[in-house]
Amino acid sequence: MKIKILKDILSANDQRAKENRELLNRNGILAINFTASPGAGKTSLILETINRLKADIKIGVVEGDVSSSLDAEMVVKKGVPVVQINTGGTCHLDATMVASAFNNLPLEEIELLLIENVGNLICPAAFALGEDLNVLISSVPEGDDKPHKYPVMFSKAHLVVLNKIDLLPHVLFDLPAFTEAVKGLNNGVEIFEVSCKTGQGIERWTSWLSNRLNKRPSTS
Amino acid sequence: MHELSITKSMLDLVLDQAQKNGAEKVQGITLVIGEMSGVVDDCVRFYFDFLSKGTIAEGAHISVKIMPAQARCRECGKQFKLNGLDWLCPSCGTTQINIVEGKELYLESIEVP
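The present account deals with the structure reproduced in this document. (Residues numbered from 1 in each chain as written. Chains lettered and ligands numbered in written order. Predicted model: local features only at pLDDT ≥ 70, side-chain atom pairs only at ≥ 80, totals over all residues.)

What follows is about the overall build of chain A. When helices and strands are tallied, chain A shows eight helices and eight strands. Taking 2.2 N^0.38 as the reference for a compact globule, 220 residues should give roughly 17 Å; the C-alpha atoms of chain A span a radius of gyration of 17 Å, in line with that estimate. Across the 220 residues of chain A, 47% fall into the buried class. In chain A, the share of contacts with a sequence separation of at least 24, taken over all contacts with a separation of at least 6, comes to 75%. (Helix = DSSP H or I, 4+ residues; strand = E, 2+ residues; numbered from the N terminus. Rg over C-alpha atoms; globule rule 2.2 N^0.38 Å. Buried ≥ 20, exposed ≤ 12 C-beta atoms within 10 Å, placed from the backbone. Contact = placed C-beta atoms within 7 Å.)

This is the structure we're talking about:
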């Protein structure tokens, strides 16, 4: 006998992500899930964001890596609460891992939660964490063809950051082609061109983020 | 390699649904996997053999329906199959397209005695 089910295979993760989102909302936290390939500049952008916003906004960080606590150690030096998740080989964070990180974060003291996913442009697309925003970081040395090679990630992003624009004069990267490909797959998505090294464009990103934070619904 | 987590989730869902339907054995499983979901069906089968051992789904046959990747042009409305790196609308040549099919990943049905 055949029984029709028609249920998403990741519905359990989606449910847990929904619970995470509710917990974050109750605490008035805006959560961002940063995804990128390894080395695109996720940690650099997080550190730059902390540098610029720390004085005005209470920030918390969840670092996801297959192994090591190198990224978390850099965040700790900034005086920001951070939890390192080592996935032990798993290629993405999932909602349960993030929920367990919440137990070790002072949620009531956080306004902005920056979650660094495992460097990978495939697997994290399938696993919701409970974030408000998906920010995809791409970088100039990776090449301008990435949107069409990882279309699911690019089409899901709420915002795309193109990092390492200081390298544009030195590498083959067709910026108009990249922009057209991203906007073709993801209608209306904003692209922030930045260099975490020189600081170019970071101000525009952090201003956007501050404005977005001010639009959060009040929890009081 | 996210197929391991996905197969675990799939098995949990299958066992849960089997229990809800009072089944004592699961003989078959039909999955729908989109071409762009990033999930490789052979990997799912491979992990399933390991994970299902000792459960009522052990030995179940897995059938997979692959959904082709389809896009719709935002300019002219044409719906078309995405082939490889060809991301242009075949009708008007624009890159303004929405992916409308091919990201699916769900359990369609289970077969029980």
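Picking up where we left off.
Here we take up helix 4 (residues 95-102) of chain A. Residues and elements named next belong to chain A. Every buried residue belonging to helix 4 is among Ala-95, Val-98 and Ala-101, and all of these are buried. The arc that holds the buried residues of helix 4, viewed along the axis, is 115°, so those residues lie on one side. Close packing links the buried residues of helix 4 with helix 1 (11-26), strand 3 (59-65), strand 4 (82-86) and strand 5 (112-116). (Arc of directions from axis to C-beta.)

Attention now goes to the interface of chain A and chain B. Contacts between chain A and chain B engage 29 residues on the former and 29 residues on the latter. At the level of elements, strand 1 (2-8), helix 1, helix 6 (151-156) and helix 7 (175-185) of chain A are the ones that each hand at least two residues to the side of chain A that touches chain B. Ranked by residues supplied to the side of chain A that touches chain B, first place goes to strand 1 of chain A with seven residues. Of the residues belonging to the side of chain A that touches chain B, the class tally is 15 nonpolar, eight polar and six charged. (Nonpolar A, V, L, I, M, F, W, Y, C, P; charged D, E, K, R; others polar.)

Residue and element names in this part refer to chain A. In space, the seven strands of this open sheet follow the order 4-3-5-2-6-7-8, with parallel pairing throughout. Each end of this open sheet is capped by a strand with a single partner; those strands are strand 4 and strand 8 (190-193). Recorded for the sheet is a direction-independent mean angle of 20° between the axes of neighbouring strands. Looking at chain direction, strand 2 (residues 30-36) and strand 5 are connected through five bridges and run parallel. Its bridge partner lying in strand 5, Ala-31 is registered against Leu-113. Contacts between helix 2 (residues 42-53) and the sheet are confined to strand 2, strand 3, strand 5, strand 6 (133-139) and strand 7 (159-163), with strand 5 contributing the most and set at about 165° to the helix. (Pairing = 2+ DSSP bridges. Axes fitted to C-alpha atoms, helices over the stretch in contact; angles between N-to-C directions.)

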